[in-house]
Amino acid sequence: MTLSTGADEPSCYSLYVNEWFCGDYYVDRKQELIDATIDHLTITALAVLLGLAMALPLALLARRFPRMEATVLGVCTGIYTLPSLALFPLLVPFTGLTRTTVVLGLALYSLTILVRNMVEGLRAVPDDVIEAATGLGYSRSKLLWRVELPLALPPIMAGLRIATVSTVALTTVGALVSYGGLGNLLFTGVDGDFRAQVMAASLICVAIALVLDLLLLVVQRLATPWSRGVRG
Amino acid sequence: MKLVIDTMAWLGDGANWGGSGGLWHLMLQQLLLTFTALGIAVVVGLPVALWLGHLGRGGFLAINVAGVGRAVPTFAVLALLVMWEPVGTDHLGPYGRAGLATLIALAAFALPPIITNAYVGVDEVPRDVRDAADGMGMSGWQKFTRVELPLALPLIAAGVRLALVQVWATATIAALVAGPGLGNVITAGFYNGDYPKGLGGAVVVAVVALILEVSAAMVQRSLQNARPDTRGDAPRDTEGGNHAGTTAGRGGVDGDVTDGSIGLRG
């Protein structure tokens, strides 16, 4: 793979050669790729954080009022049923053609996964542990933050990993309203028959998803040292 | 909120529904695509997954296929397929423009939930039930068709249901890469600044998605109820009808609670 090409020689990503893999492309369009990646990461991070912020109160609500549980989970599942290409337009009347539309839509998707895992995780906390903490004089909020949430952390983190990986992939669809991170490159790439760009954006997307998944796994292991060695 | 009113007006206009390229035509096209792709995925994926589950092998692969599928954007796969010459954007009969590329992508994304659920369903048939079947002198094939398959049916159905909703969503995205179907109404509306049209298309896509999910849930429940003799024999989550297909509770607080139980989202 030659990195420097003469003025006459078409580069491997020119429309005439149009190779899928092209070193020149990564060199020449480095800044564009970096910008799109940062954009992608920002949208993903904001969406997952917003999802988390919305999921916790909903999960607590579902636990506090068992009758609410079916409703909360049902509404979440209903939202999850909607195709992303339909959900983003449905948010446009409220948020316009902005990044907020994409972030909110993605947050709603991650909500489904997060709420379910939080409810499951909190339910799995053994009763005798809660009784013991109550016996020690723990207040309700202290019980939640010091005992229940830490014990529910493994399923919550598992949900967070699924939500994050899905969100990275789904962010691309935000290209519909021009806020799709690497999805914008996919879109213009297909439009202009630019193979190197489509391949690059796809590969970076998958790489981001895998790296974030691994990163969250490490965080989970560090945050729950007690579960190490008990189960793989 | 003028946009909402305009969208209602757009949806109320019969001219937008009829004819070639109308909503009915595109809806039928997308339903045809969805069910063809689902059929291909069932024919290809189900036998392999059931067989692996019967042997109790390849579990790592069968369970992790969902995770891998989740990391790959449907948009990227559609884009790569459309730009790949052998598949391309050619018309494929009633499937429309880029029909083949779309079909391949849809079938590929329908595979993970089908494979994972079918494998887990068969694999989780309790050991003592299998032992009893062996003790009765059943052959491997008899054990599979008379014991494992009936017990795994609710989970298999849940997997197909997840796949159906997933495929419908992915089929919509196909419009981003010049594919067929209802997504075209959404993209055309957005790119031309005709937002009532884009929003109207989104409403139709969303309504059909909900109808598909509810009908699939009803079919799944009737399958579950059709075999009262097998219910309760296997330790599985029978709430499958309430959630988007719950894979049997795989362990408690071991971090795997819903891994693989939530479909991919396109």
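About the criteria used
Residues numbered from 1 in each chain as written. Chains lettered and ligands numbered in written order. Predicted model: local features only at pLDDT ≥ 70, side-chain atom pairs only at ≥ 80, totals over all residues. Heavy atoms only, no water. Helix = DSSP H or I, 4+ residues; strand = E, 2+ residues; numbered from the N terminus. Buried < 20%, exposed > 50% of the residue type's maximum accessible area, 1.4 Å probe, protein only. Contact = heavy atoms within 4.5 Å. Salt bridge = Lys/Arg side-chain N within 4 Å of Asp/Glu carboxyl O. Nonpolar A, V, L, I, M, F, W, Y, C, P; charged D, E, K, R; others polar. Axes fitted to C-alpha atoms, helices over the stretch in contact; angles between N-to-C directions. Parallel < 35°, antiparallel > 145°, perpendicular 65-115°, else oblique. Left-handed = near helix turned anticlockwise from the far one by under 90°.

Caption draft 1: Main features of the overall build of chain B. A tally of regular secondary structure across chain B gives 9 helices and 0 strands. Mapped from its N terminus to its C terminus, chain B presents α and β elements in the order α-α-α-α-α-α-α-α-α. The proportion of buried residues among the 266 residues of chain B is 55%. Summarising the internal contacts of chain B: among those between residues at least 6 apart in sequence, 72% fall at separations of at least 24.

Caption draft 2: Geometry of the pattern of salt bridges. Residues and elements named next belong to chain A. For the structure on display, the rule yields 11 salt bridges over all chains. In this structure, the salt-bridge partner of Arg-123 is Glu-69, at a minimum N-O distance of 2.7 Å. Of this pair, Arg-123 sits in helix α5 (residues 99-123) while Glu-69 sits in helix α3 (residues 66-81), and the two are 54 residues apart along the sequence. Arg-123 is the salt-bridge partner of Glu-120, the closest N and O atoms lying 3.6 Å from each other. Highlighted residues: Glu-120 and Arg-123, both in helix α5, separated by 3 residues, approximately one helical turn. Under the relative-accessibility criterion, Arg-123 is labelled partly exposed at 47%.

Caption draft 3: Just the interface of chain B and chain A, in detail. The interface is formed by 51 residues belonging to chain B together with 53 residues belonging to chain A. Remark: the boundary between chain B and chain A carries 1 salt bridge. Secondary-structure elements contributing two or more residues to the side of chain B that touches chain A are α1 (2-12), α3 (59-71), α4 (74-83), α7 (140-173), α8 (183-191) and α9 (195-225) of chain B. When residues of the side of chain B that touches chain A are assigned to their parent elements, the largest contribution, 10 residues, is made by α9 of chain B. Its residues assigned to classes, the side of chain B that touches chain A shows 34 nonpolar, 11 polar and 6 charged.

Caption draft 4: Expanded view of the packing of helix α2 (residues 30-64) of chain A against α5 of chain A. Residues and elements named next belong to chain A. Relative orientation of the contacting elements α2 and α5 amounts to 40°, with a least axis distance of 6 Å. By the angle between their axes, α2 is oblique relative to α5. Note that α2 runs across α5; the crossing there is right-handed. Split into classes, the residues belonging to the contact of α2 with α5 amount to 25 nonpolar, 3 polar and 3 charged.

Nothing here speaks to function; it is geometry throughout.
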